[in-house]
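Residue-level listing of the chains:
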Amino acid sequence: MKRKKLVGGIVLASGLIAAAAAFAAAQLDRLENAAQFAGSYTWRASPDWFGGFSGIELSADGAQMVVLSDRAHLARADIHRQDGEISEITLRSAQHLRTSKGRQLLGRIMDSEGLALAPDGSLYISFEGLSRVVHHQTEASRARVLPRPNEFRGLPLNKSLEALAIDPQGRLYTLPENALNADGEIPVWRWNGAQWSQPFTLPRRGGFLPVGADFGPDGRFYLLERNFVFIGFRSRLRRWDITEQGAINEVTLLESSTGVHDNLEGLSVWRDAKGLLRATMVSDDNFKALQRTELVEYTLPE
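Notes on the structure in this doc start here. (Residues numbered from 1 in each chain as written. Predicted model: local features only at pLDDT ≥ 70, side-chain atom pairs only at ≥ 80, totals over all residues. Heavy atoms only, no water.)

## Some remarks on the environment of Leu254
Part 1: Along the polypeptide, Leu254 turns up in strand E17 (residues 246-255).
Part 2: A relative accessible area of 1% places Leu254 in the buried class.
Part 3: Sequence spacing of Leu254 and Ala35 is 219 residues, and the spatial spacing of their C-alpha atoms is 5.7 Å. (Helix = DSSP H or I, 4+ residues; strand = E, 2+ residues; numbered from the N terminus. Buried < 20%, exposed > 50% of the residue type's maximum accessible area, 1.4 Å probe, protein only.)

## So, the sheet that holds E17
Across a sheet, paired strands are connected by hydrogen bonds in the backbone, their directions being either parallel or antiparallel.
Part 1: The strand order E14-E15-E16-E17 describes an open sheet built from four strands, whose pairing is antiparallel. Both edges of this open sheet fall to strand E14 (209-215) and E17, since each of them pairs with a single strand only. Averaged over all neighbouring strand pairs, the angle between strand axes comes to 25 degrees, with direction disregarded.
Part 2: Relative to strand E15 (residues 221-229), E14 runs antiparallel, the two sharing six bridges. Bridge pairing in E15 links Ala213 to Leu223. (Pairing = 2+ DSSP bridges. Axes fitted to C-alpha atoms, helices over the stretch in contact; angles between N-to-C directions.)

## Describing the packing of aromatic side chains
Part 1: One pass over the structure, following the stated rule, counts 15 aromatic pairs.
Part 2: Taking 4.9 Å as the distance between ring centres and 50 degrees as the angle between the ring planes, the aromatic pair formed by Phe228 and Phe233 counts as tilted.
Part 3: Members of the aromatic cluster, joined through ring pairs, are Tyr173, Phe200, Phe215, Phe221 and Trp240.
Part 4: Residue placement shows Arg71 over the ring face of Phe287; its charged tip is 3.8 Å from the ring centre.
Part 5: When the ring centre of Phe127 is taken as reference, the NZ or CZ atom of Arg132 above it lies at 3.8 Å. (Phe/Tyr/Trp six-rings, centres within 6.5 Å; stacked < 30°, edge-to-face > 60°. Lys NZ or Arg CZ within 6 Å of the ring centre and 35° of its normal.)

## What about the pattern of salt bridges?
A side chain with one charge may pair with a side chain of the opposite charge, provided their charged atoms come close.
Part 1: Inspection of the entire model under this criterion finds 18 salt bridges.
Part 2: Among the salt bridges present, the one from Glu297 reaches Arg81, with a minimum N-O distance of 2.8 Å. Here Arg81 lies in strand E4 (residues 73-82) and Glu297 lies in strand E20 (residues 294-300), a separation of 216 residues in the sequence.
Part 3: For Glu297, a relative accessible area of 1% corresponds to the buried category.
Part 4: As a salt-bridge pair, Asp167 and Arg171 come within 2.8 Å of each other at their nearest N and O atoms.
Part 5: Connected through salt bridges with shared partners, the residues Arg205, Glu225, Arg236, Arg238 and Glu250 form a single ionic network. (Salt bridge = Lys/Arg side-chain N within 4 Å of Asp/Glu carboxyl O.)

Spelled out as structure tokens, the structure:
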């Protein structure tokens, strides 16, 4: 009897969350100049490593993706669509990442979070257990660890380099999940291929924390943020133009209600077949049965 009540409670809770998601999506669609909900897909697969996705990159046409788990697995998959919405995902390959010495990543150095694909197809990955950014020619190759500035060494465990993005000039940008500067702003570091600098900061607004970033095909910088409360997650998406003077023209594109989506952490911005900007986000299910690996998509205003 207790088990039946528990299952019934879970089903009821899931139904309420789904209803809330549909209502909130409808409300967002009525907002002028806001992101428009384009669909969501729950991805299920059987490998033991599957889950915990914190980074995502889609191809220019949205038909292939690379996803990164926070347990140092990188996977590639094909995305099948029907009328623009995701209808199926086919897993093609998976690789456990290696250290600079060729060993499998294990323990506290394994917490991979941010993912950025370079124009030559190589991969950059940021970590928050031991704060660093590494470069892989392929997912099967050894890591090359980029120099670690003193600022990285002082970042808190489990709250550091969560987001990673690469701009049209091939420069990397990373920022911590929760390590504000003395002015209460989010520091942003940039790697130009030779050294790190801190060209600008971003304003912290409300209880949201940065978890994912990307440069879109429009050249603008997009930041995915998360806020957690007892009954679920909220997500926010902001955008800036990046200039020599810093980040300007801040726009909030999306701010979801609690429970609308799962724990969205990875972000990829691309242009769909209709020419619309589209944000694809993936959730970290924390390897928990009550959460899910969800791909969520919104079309974005220009």
